[in-house]
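Descriptive analysis of the structure
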Amino acid sequence: RPRWPGSLAPCYFRMGVQQSLRLDGDQPEASLPGMRKRLAQLHMYDVVSLKDLWLQNQDLAQAFREEAEGTFSVVAAVRNLPQQDSVAVLARKGLFRVGQSWTIPLPHGRVAAAAELLPLPAAVEACGCARLRGAAAFLAVSCHLDFAHVASEYAMRQAQLDSLCRAVGDLSRRLARRHGGDAIPVLMAGDFDA
C-alpha cells in the first residue's frame, strides 16, 4: 500500500448480439446499479485514473459523488459537446491532498485532467515507490485520446498526444520550480486508444 494506479471505465461497456456500444449516459436509470458496482471497485486503489464519466447526467453524477467523494478527492475535466464524457483523477483522502488542478485542452475536443498531489505523512510512510519518497508533490494526469479508425486519423491522435506531452512537461517543470527542485514525478494514465 499505496497501490499505483487504478484505471477503470465505470460508465462504458459493450452489450448485445452485435457488440453495439451503449453508453451509460444514454440510459441512466438502467445503468445506475452497474455503475455503483463498478465504482465500488475503486476503493482498493489510492490514486485512480477514470475515463468515460458522464457527469452531465444528474443521476449518474450523483451516484458518482456518493460513491467516490467520501473516500477520494476528485479532479474532473469535462469534454465539450457533442461528446460530454469526462476524465478524472481520484486521490485517496488521508494519503494525498490536491494542490492545484487543471483541465488540459487537447485537439479535436478531448481534454485531460491534471492534479498536483501532495503526499501526506501516511502516504510517504506506506509508499513502496522510491521516487515518491521525499517528493513534495507529484503530478497525476488522466486522459482519453481518440481512436484512429483509419490511417488518416493517426495524425489526429498524434496531435493529441503531442499537445498532452507538452502541457504535462510545462506543468511538471512549473511545479518542480515551485517545490524547489529540478523535476517532480509524473503519473500519467488513461486510454491512449493505441
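Residues numbered from 1 in each chain as written. Predicted model: local features only at pLDDT ≥ 70, side-chain atom pairs only at ≥ 80, totals over all residues. Heavy atoms only, no water.

Another aspect to go through is the overall build of the protein chain. Within the protein chain one finds 4 helices and 10 strands. Going from N to C terminus, the protein chain has its helices and strands arranged as β-β-β-α-β-α-β-β-β-β-α-β-α-β. For the protein chain, the residues scored as buried account for 46% of the 194 residues in total. A total of about 9,700 Å² of accessible surface is found on the protein chain, and carbon and sulfur atoms cover 52% of it. (Helix = DSSP H or I, 4+ residues; strand = E, 2+ residues; numbered from the N terminus. Buried < 20%, exposed > 50% of the residue type's maximum accessible area, 1.4 Å probe, protein only. Areas by Shrake-Rupley, 256 points an atom, 1.4 Å probe, with all protein chains shown as cover.)

Another point: the pattern of salt bridges. Oppositely charged side chains can pair when the atoms bearing their charge come close. Across all of its chains, the model carries 5 salt bridges by this definition. When the shortest N-O distance is used, the salt bridge between Arg178 and Glu116 registers 2.4 Å. Of this pair, Arg178 sits in helix H4 (residues 154-178) while Glu116 sits in strand S8 (residues 111-119), and the two are 62 residues apart along the sequence. With relative accessibility at 45%, the residue Arg178 sits in the partly exposed group. (Salt bridge = Lys/Arg side-chain N within 4 Å of Asp/Glu carboxyl O.)

This part takes up helix H2 (residues 58-68). The periodicity of an α-helix, 3.6 residues per turn, causes residues three or four positions apart to be oriented the same way. Those residues of H2 not exposed but buried are Leu60, Ala61, Ala63, Phe64 and Ala68. The buried residues of H2 occupy one face: seen down the axis, they fall within an arc of 160°. (Arc of directions from axis to C-beta.)

This part takes up empty space enclosed by the protein. What the rule picks out here adds up to 3 cavities of 30 Å³ or more. Of the voids in this model, the largest cavity is the one considered here, and its volume is about 50 Å³. In terms of lining residues, the largest cavity is bounded by Ala77, Arg79, Asp85, Ser86, Val87, Arg110, Val111 and His144. When grouped by side-chain class, the residues that make up the lining of the largest cavity number 3 nonpolar, 2 polar and 3 charged. (1 Å grid on protein atoms, 1.4 Å probe; cavity = no way out; pocket = protein on both sides within 12 Å on 5 of 7 lines; lining within 4 Å. Points joined across faces, edges and corners; volume = space filled by probe spheres on them. Nonpolar A, V, L, I, M, F, W, Y, C, P; charged D, E, K, R; others polar.)

Between its first and last C-alpha atoms H4 spans 36 Å; for 25 residues at 1.5 Å apiece the expected length is 36 Å, and the two agree. All of the buried residues along H4 are Met156, Arg157, Gln160, Ser163, Leu164, Ala167, Val168, Gly169, Leu171, Ser172, Leu175 and Ala176. Two residues or fewer after H4 comes Gly180, characterised by a positive phi angle close to 75°. (Expected span 1.5 Å × (residues − 1).)

All right, on to the pairing of strand S10 (residues 186-191) then. Along S10, the buried face is formed by Leu187, Ala189 and Asp191; none of Val186, Met188 and Gly190, which line the opposite face, is buried. Between the parallel pair strand S9 (residues 138-144) and S10, the chain is carried across by H4, and the sense of this crossover is right-handed. (Right-handed = clockwise from strand over helix to strand, strands pointing away.)

Take the packing of aromatic side chains next. In the structure shown here, the tally under the stated rule is 1 aromatic pair. An angle of 80° between the planes, with centres 5.7 Å apart, marks the rings of Phe96 and Phe138 as edge-to-face. Placement of the pair is Phe96 in strand S7 (residues 96-105) and Phe138 in strand S9, with a sequence separation of 42 residues. Under the relative-accessibility criterion, Phe138 is labelled buried at 1%. (Phe/Tyr/Trp six-rings, centres within 6.5 Å; stacked < 30°, edge-to-face > 60°.)

Right, let's talk about unusual backbone geometry for a bit. Positive phi outside glycine occurs at His108, with the angle close to 65°. Mapped onto the secondary structure, His108 falls in the loop between S7 and S8.

Once that is clear, we can look at the sheet that holds S10. Spatially, the 4 strands line up as an open sheet ordered S7-S8-S9-S10, and their pairing is mixed. Across the chains shown, the open sheet's two edge strands, defined by having one partner strand only, are S7 and S10. Each strand axis lies, on average, 20° off the axis of its neighbour in the sheet, ignoring direction. Relative to S9, S8 runs antiparallel, the two being bridged by 6 bridges. Each bridged residue has a counterpart across the sheet, and for Leu117 the counterpart in S9 is Phe138. Along the sheet, H4 makes contact with S7, S8, S9 and S10, crossing S7 at roughly 145°. (Pairing = 2+ DSSP bridges. Axes fitted to C-alpha atoms, helices over the stretch in contact; angles between N-to-C directions. Contact = heavy atoms within 4.5 Å.)

Functional significance is not addressed by these values, which are geometric in nature.
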